[in-house]
Each structure stands twice: as structure tokens, then as C-alpha cells.
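Descriptive structure summary
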Amino acid sequence: MVAAESSAPPQHYLGGIALRLLAMASLSSMYAVVKLVDAAGVHIVESLFWRQAVILPLLFGWAMTHDGLATFRTRRFAIHTRRAMMGLTGMVFNFGGMIFLPMAEATTINLSVPIFAVIFAALFLHEPTGRARWSAVIAGFIGVLIVLNPTSMLAGGLNGSHAMGALIALGGAIMTALVTIQIRDLGRTESAIAIVFWFSMISLVPLGIALPFFITPHSLGVWALLIGLGLLGAVAQMSLTGAL
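Bear in mind that the values here come from a model prediction, so they are computed numbers and not experimental data. (Residues numbered from 1 in each chain as written. Predicted model: local features only at pLDDT ≥ 70, side-chain atom pairs only at ≥ 80, totals over all residues. Heavy atoms only, no water.)

All right, on to the packing of aromatic side chains then. Under the defined criterion, the tally for this structure stands at 10 aromatic pairs. With a centroid separation of 5.6 Å and 85 degrees between ring planes, the pair formed by phenylalanine 60 and phenylalanine 197 is classed as edge-to-face. Taken as a pair, phenylalanine 60 in helix α3 (residues 55–64) and phenylalanine 197 in helix α10 (residues 192–210) lie far apart in primary sequence, 137 residues in all. Owing to a relative accessible area of 6%, phenylalanine 197 belongs among the buried residues under this scheme. Plain terms: the ring middles of phenylalanine 77 and tryptophan 198 are 5.5 Å apart, the flat faces sit at 85 degrees to each other, and that makes the pair edge-to-face. Here the residue phenylalanine 77 occupies a position in helix α4 (residues 77–100), and tryptophan 198 occupies one in helix α10, the gap between them amounting to 121 residues. An aromatic cluster of at least three residues, connected via ring pairs, comprises Phe60, Phe72, Phe77, Phe197 and Trp198. (Phe/Tyr/Trp six-rings, centres within 6.5 Å; stacked < 30°, edge-to-face > 60°. Helix = DSSP H or I, 4+ residues; strand = E, 2+ residues; numbered from the N terminus. Buried < 20%, exposed > 50% of the residue type's maximum accessible area, 1.4 Å probe, protein only.)

Attention now goes to a nonpolar patch on the surface. A surface patch of nonpolar side chains, amounting to about 360 Å² of accessible area, comprises Leu14, Ile17 and Leu21. The topology assignment puts isoleucine 17 in helix α1 (residues 13–39). (Patch = residues over 30% accessible without salt bridge, like charges linked within 9 Å, V, L, I, M, F, W, Y side chains within 5 Å. Areas by Shrake-Rupley, 256 points an atom, 1.4 Å probe, with all protein chains shown as cover. Salt bridge = Lys/Arg side-chain N within 4 Å of Asp/Glu carboxyl O.)

Once that is clear, we can look at the layout of surface pockets. Put simply, the second largest pocket is a space of about 390 Å³. Around the second largest pocket, the lining is made up of 25 residues, and of these Leu27, Tyr31, Asn94, Thr176 and Leu240 lie nearest the centre. Going through the elements one at a time, α1, α4, α6 (113–125), α9 (161–186) and α11 (220–243) are the ones with two or more residues in the lining of the second largest pocket. Among the elements that line the lining of the second largest pocket, the one with the most residues is α4, at six residues. Partitioning the lining of the second largest pocket into residue classes produces 14 nonpolar, eight polar and three charged. (1 Å grid on protein atoms, 1.4 Å probe; cavity = no way out; pocket = protein on both sides within 12 Å on 5 of 7 lines; lining within 4 Å. Points joined across faces, edges and corners; volume = space filled by probe spheres on them. Nonpolar A, V, L, I, M, F, W, Y, C, P; charged D, E, K, R; others polar.)

Turning our attention to the environment of valine 113. Note that valine 113 resides in helix α6. Residue classification places valine 113 among the buried positions, given a relative accessible area of 4%. Here the alpha-carbon distance between valine 113 and isoleucine 174, two residues 61 residues apart in the chain, equals 6.4 Å. Those residues in contact with valine 113 that lie beyond four places of it in its chain are Arg20, Ala173, Thr176 and Ala177. (Contact = heavy atoms within 4.5 Å.)

Now for the packing of α10 against α11. In contact at an axis separation of 9 Å, α10 and α11 are set at 130 degrees when each is read in the N-to-C sense. Our classification of the angle between α10 and α11 gives oblique. Of the two elements, α10 crosses α11, and the hand of that crossing is right-handed. From α10, Ala192, Ile193, Ile195, Val196, Phe199 and Ser200 reach across to α11, where they touch Gln237, Met238, Thr241 and Gly242. By residue class, the composition of the contact of α10 with α11 is six nonpolar, four polar and no charged. (Axes fitted to C-alpha atoms, helices over the stretch in contact; angles between N-to-C directions. Parallel < 35°, antiparallel > 145°, perpendicular 65-115°, else oblique. Left-handed = near helix turned anticlockwise from the far one by under 90°.)

This paragraph deals with the environment of isoleucine 115. In this structure, isoleucine 115 sits in helix α6. Taking C-alpha positions, isoleucine 115 is 7.4 Å from phenylalanine 141, a pair spaced 26 residues apart along the chain. Those residues in contact with isoleucine 115 that sit more than four places away from it in its chain are Val137, Gly140, Phe141 and Val144.

What follows covers the side chain of serine 112. Within the secondary structure layout, serine 112 lies in the loop between α5 (103–110) and α6. According to the relative accessible area criterion, serine 112 is buried, its value standing at 1%. Each residue touching serine 112, except ones within four places of it in the same chain, is listed here: Val144 and Ala173.

Looking now at the environment of alanine 32. Within the secondary structure, alanine 32 sits in helix α1. Overall, alanine 32 belongs to the partly exposed group, its relative accessible area being 29%. For the pair alanine 32 and methionine 103, spaced 71 residues apart in sequence, the C-alpha to C-alpha distance is 7.4 Å.

Quick look at the confidence of the model for the protein chain now. Per-residue pLDDT for the protein chain has a mean of 84; in total, 89% of the residues score no lower than 70. Per-element confidence in the protein chain is highest for helix α2 (residues 44–53), whose mean pLDDT is 94, and lowest for helix α8 (residues 150–156), whose mean pLDDT is 57. The low-confidence segment residues 1–6, where pLDDT is below 50, has 13 contacts with residues more than four positions distant or belonging to other chains. (pLDDT = per-residue confidence, 0-100.)

If you want it as C-alpha cells, here you go:
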């Protein structure tokens with residue numbers, strides 16, 4: 001359930017924009033590493049596991065230098081669980097889109113997240129959406145259609161790897177937009193550090209169960225990429241959560 005509007009934190013637009021730009025730069029770098037890790041033969045399950053696991057020591061270190069473990073206290077565990085499952089699904093789609101498609105095309109489709117976010121914010125959070133924003137949404141949808149090129153997809157068959165990759169990437173964009181709405185709601189009562197902590201902790205449960213079936217030995221170079229994947233993900237996750 002969405003918390004009352006009166007409990008919302010004050011809005012700092014320039015700070016939010018700066019954090020959002022940092023998140024986009026970090027995400028772009030992270031997705032480049034995703035391509036490299038996939039080329040090195042690392043399974044997507046293992047990539048996702050380390051993407052989530054690397055951030056935890058950083059979060060614990062930050063908490064110990066501030067308010068201790070009380071930083072992670074929450075009364076909305078069920079909402080955090082729902083957000084974690086949605087976020088994990090979105091990451092699977094986003095990583096899959098990067099693996100199946102050229103990075104430029106997958107990134108372009110991922111840029112449709114704000115389009116869906118505007119729609120979902122109006123529907124679920126009842127945020128004011130003026131004529132200018134709806135015009136931008138319509139223009140954005142036209143751009144998404146140009147990138148997806150549905151006529152070409154149908155002609156080539158939906159079972160082709162390119163068409164499948166485009167649909168996976170689009171699914172990732174929609175799931176990411178839904179997650180942004182969930183984070184926006186959680187942000188009314190939870191700190192950014194708590195939101196990121198519970199996402200990582202909860203999503204590591206299914207990933208940890210699956211990891212033994214997919215983990216393989218790696219060279220130092222691949223381990224460096226996996227750690228870099230986690231660090232970039234940490235920066236992206238914290239900055240995006242803070243922006244929202």
C-alpha cells in the first residue's frame with residue numbers, strides 16, 4: 001500500500017538529476033562489463049549473484065560508521081520482498097537483453113524506462129502528469145517502436161535471437177520502471193541504504209541456492225570483472241535509489 005503523501009521526504013530536483021545521471025553512467029559501464037563477463041563464459045546466474053553480493057560488505061561498512069545495524073531496520077519487509085523479486089526479474093531481463101543484443105541497441109531500449117515510469121507513476125502513485133510529459137511519452141513510444149522495428153521482427157520470426165533479445169530487453173525496461181515506482185513508494189518511509197540492503201539480501205537467497213549449479217573456476221582477470229560488476233552495480237543502485 002502506498003504511504004501517505006505527507007510522509008514523503010522533501011524533493012531536491014538538482015540533486016536528484018545529478019544522482020540519476022551518475023546512475024546512468026554507472027549502469028552503462030556495468031552493462032559493458034556484463035558483455036565482457038558473458039564473453040568469458042560466466043553464466044548469468046553467477047553474474048547476478050556477484051552483482052548483488054559485492055555490495056553487502058560496503059553497506060555493512062557504511063552502517064558500522066554511522067548508526068549501526070539499526071540503519072537496516074524496517075517495518076515493511078513484505079514490500080521489500082516484493083521489490084526484491086521484481087528487481088531480480090528486471091535484472092535477469094536487462095542482463096539477458098545485453099547478452100542477446102548489441103549493447104547500443106539494448107541500451108536504447110533500456111532508455112524507455114522513464115517512459116513507462118511516467119505512466120506507472122500516474123496510475124499507481126497519482127503523481128501529476130502534465131501535457132508536456134504525456135507528449136514526451138508519446139514521442140518516446142514512437143522512438144521505441146523505431147528501435148524495435150516490429151515489422152522486421154515479425155518477418156524474421158519471433159523465435160530469432162535478435163527478436164527474442166529485443167523482447168527480453170523491453171521486458172527489462174518495463175520491470176525496471178515498475179521497480180522505480182516501488183522504490184519511490186518505499187522512499188517515503190525507508191532510507192536509501194535500507195532499500196538497497198534488503199534488495200541485495202533477499203535476492204541473494206534464490207541466487208545463492210542456484211549458484212552451486214552454475215559457478216565455474218575463473219582467472220584473476222574474470223574475478224576482477226566480476227568485482228567490478230558488483231562495484232558498478234553498487235554505485236548505480238545507490239545513486240538511482242537516492243534519486244528516486
